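Tertiary structure, described
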Amino acid sequence: MSSIFDGGPISETLSLIDPRYRAGLETVGVIFVAIWLIATTLNPILEFFLRVWRVVLWIRRQLLRAWRRLFPPPPPPPEPRIEAAPIPEEKTIWETRAPAQPTFPKENGIPIITVANMKGGVGKTTIVANLAPYFRARFGKPVLLIDFDYQGSLTQTIRTEAGYTDPDLTAHILISPNYAGEKPMTFAREMRRSLEDIFIYTANYPFATIENNLLADWLQSPASDLMYRLCALLQRSEFQSKFGAVLIDCPPRLTAGSINALCGSTHLLVPSSLDDMSAQAAEYFLNQVSRMKANVFPSLKVIGVVPSIIYSESRYLVGEGRALDRLKRYGEKVWKRENFVLEDGRVPRRADISNSSGQGVPYLRRAAVKQIFDRLGTDIEERMKARL
Ligand SMILES: Nc1ncnc2c1ncn2[C@@H]1O[C@H](COP(=O)(O)OP(=O)(O)OP(=O)(O)O)[C@@H](O)[C@H]1O
Ligand SMILES: [Mg+2]
């Protein structure tokens, strides 16, 4: 059978191939050549139509533009005016009533430091737990911890470190009138096994119910001063002489425990993560503190905001830098302080810290963690000495 490949080099090559496959190969070759011929012939025709199509689209666009210029669409109807919801002037329940028998911490008493912020998860409990051994070493006297957070994270952290696993609740003793006759000191648990000289009043979920009931009682009987019960106790000589410092951990809410902490403390430390939302939350809380300070806890001194769980010790991320500047400007404007942010005491994010969440105090085991909280403790001490 003759083929288009007869004669010439292709024919010679094909003659080397097994005759059984040669016919098939020749057919494939013929199809390939046919497709190639059709494509090269059709290509200029397709390109021509494509150009024509582009010109048609361009003319259509120009006509539409001209049409819109001549007959512009009617403006959209105005947005209906939405009235802003009336928000009453903010006043917490603790400001609604003038204190009956306020008690304030003594000027020359032991440091009582509340660690608080309305924002959750910013490292409040971590800071209290890891500062406890720092202050124990610095003052050479026992340190008292008070867990006023019904979540009981500080309690769990400290008790697990000392080898206790069962939940415990004693913090209510400090703010309840029922125990006035008892010796409150007997309820402070010493964490003897590995946290010698660290005492704690513990918290647990029922504490939230106890706080609510105390608030209800207080609202019904104006004579009792729920807000100052802790203060009155901590000013007693048995507390003042036994302890070198008191550290109080608060929940992210202005509870009965939190208000007792603010009224009974000499100092307030506000941890904050460095992002816009956390900075905004810290400012909101500090505005509340500023508003209540004059009437409710006039002797409280604000140490400042400590940047917490930040990305790195050596440099700030762009967003962190922005939040830091915002907090500094806020401190200058509202608190008239240039050193309102404790930059030297900043707490970076560390795996050793998050891994031991609720499981113990990494300050005692990890040199790098100890260094972080030693620096924070030093920064706090310097500010306390500098009379805020
Ligand atoms: N510097 C840090 N590095 C790594 N993880 C941290 C650090 N600080 C805190 N964390 C982790 O972040 C979580 C929240 O911390 P922590 O419980 O101290 O915050 P909090 O402000 O007390 O929260 P809450 O408002 O719920 O009481 C925990 O899991 C803790 O281990
Ligand atoms: Mg906490």
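None of these values were measured; they are calculated from a predicted model.

Near ligand 1 there are 20 residues, and of these G120, T125, T126, S354 and S357 occur at the shortest range. Counting residues per element, the ones that place at least two in the shell around ligand 1 are α3 (124-139), β7 (301-310) and α11 (351-355). A breakdown of the residues in the shell around ligand 1 according to their chemical character gives six nonpolar, 10 polar and four charged.

What follows concerns the domain arrangement of the protein chain. You can read the domains of the protein chain as domain 1 (8-58) and domain 2 (101-385). Averaged C-alpha coordinates put domain 1 and domain 2 at centres separated by 83 Å.

It is worth spelling out the nonpolar core at this point. Generally speaking, soluble globular proteins have nonpolar side chains that are buried together. If you look at the biggest cluster of nonpolar residues, it comprises 87 residues, and the most contacted ones within it are L145, V246 and L247. Ranked by residues supplied to this core, first place goes to α3 with seven residues. With residues up to four places along the chain from it excluded, the contact list for L247 reads I113, V115, V128, L131, A132, V143 and L145.

Axis separation between α3 and helix α4 (residues 153-161) bottoms out at 9 Å; the angle between their running directions is 35 degrees. Considering how the two elements wind past one another, α3 and α4 form a crossing that is right-handed. Residue-level inspection shows T125, V128 and A129 of α3 in contact with α4, the latter providing S153, L154, T157 and I158. Classifying every residue of the contact of α3 with α4 gives four nonpolar, three polar and no charged.

Counting buried positions along strand β6 (residues 267-272) gives six out of six residues, so the element sits mostly inside the fold. Residues H267, L269 and P271 point to one face of β6 and L268, V270 and S272 to the other, with burial holding for every one of them. Bridging between strand β1 (residues 112-115) and β6 involves three bridges; their strand directions are parallel. In the strand pairing of β6, T114 is matched with L268. Note that β6 and β7 share six bridges and pair parallel. Its bridge partner lying in β7, S272 is registered against P307.

What follows deals with unusual backbone geometry. You will see that D197, though not glycine, has its phi angle at about 75 degrees, which is positive. By C-beta crowding, D197 is classed as partly exposed, having 18 other C-beta atoms within 10 Å. Within the chain, I309 stands out as a residue other than glycine whose phi angle is a positive 50 degrees.

Relative to the assigned elements, N260 resides in helix α8 (residues 256-264). The exposure class of N260 is buried, given the 30 C-beta atoms found within 10 Å. Along the sequence, N260 and R51 sit 209 residues apart, while their C-alpha atoms lie 81 Å from each other. Filtering out sequence-adjacent residues up to four positions away, N260 remains in contact with I175, M227, R229 and L230.

Okay, the packing of helix α9 (residues 276-293) against helix α10 (residues 318-334) next. Each packed pair of helices is defined by two parameters, the angle between the axes and the distance between the axes. The N-to-C vectors of α9 and α10 enclose an angle of 15 degrees; their axes lie 9 Å apart at closest approach. Comparing their axes, α10 and α9 come out roughly parallel. The interaxial crossing formed by α9 with α10 has right-handed handedness. In this structure, α9 contributes D276, S278, A279, A282, E283 and S290 to the contact, and α10 contributes A323, R326, L327, Y330 and V334. Split into classes, the residues belonging to the contact of α9 with α10 amount to six nonpolar, two polar and three charged.

Right, let's get into the sheet that holds β7. If you walk across this open sheet you meet the eight strands as β3-β4-β2-β5-β1-β6-β7-β8, and the pairing is mixed. The open sheet terminates on both sides in strands that have one partner only, identified here as β3 (189-191) and β8 (347-348). Two strands pair when backbone bridges link them, and β3 and strand β4 (residues 195-201) are joined in this way by three bridges, in the antiparallel orientation. Residue pairing in the sheet places M191 in a bridge with L195 of β4. Contacting β2 (143-147), β3, β4 and β5 (245-249), α4 crosses the sheet at an angle of about 150 degrees to β4.

The α-helix advances 3.6 residues per turn, and as a result positions three or four apart in sequence lie on the same side. With 17 residues, α10 ought to run about 24 Å at 1.5 Å a step, and its terminal C-alpha atoms sit 24 Å apart, in line with that. Along α10, the positions that sit buried rather than exposed are A323, L324, L327, Y330 and G331. Buried residues of α10, viewed axially, fall in a sector of 125 degrees; they line one side. Counted as exposed and oriented over 90 degrees from the buried face of α10: V318, G321, R329 and K333. Turning to α10, the residues buried within the fold contact β6, α9 and β7. Just downstream of α10, K336 is the residue with a positive phi angle, here 50 degrees.

We now examine the environment of D275. Secondary-structure assignment places D275 in the loop between β6 and α9. Put simply, D275 and R326 are 51 residues apart on the chain and 9.8 Å apart in space, counted from C-alpha to C-alpha. In this structure, D275 is in contact with G319 and A323, ignoring residues within four places of it in sequence.

The rules we used
- Residues numbered from 1 in each chain as written.
- Chains lettered and ligands numbered in written order.
- Predicted model: local features only at pLDDT ≥ 70, side-chain atom pairs only at ≥ 80, totals over all residues.
- Near = placed C-beta within 6 Å.
- Helix = DSSP H or I, 4+ residues; strand = E, 2+ residues; numbered from the N terminus.
- Nonpolar A, V, L, I, M, F, W, Y, C, P; charged D, E, K, R; others polar.
- Domains from an automatic or database assignment.
- Core = buried A, V, L, I, M, F, W, Y, C linked by C-beta atoms within 7 Å.
- Buried ≥ 20, exposed ≤ 12 C-beta atoms within 10 Å, placed from the backbone.
- Contact = placed C-beta atoms within 7 Å.
- Axes fitted to C-alpha atoms, helices over the stretch in contact; angles between N-to-C directions.
- Left-handed = near helix turned anticlockwise from the far one by under 90°.
- Pairing = 2+ DSSP bridges.
- Parallel < 35°, antiparallel > 145°, perpendicular 65-115°, else oblique.
- Expected span 1.5 Å × (residues − 1).
- Arc of directions from axis to C-beta.

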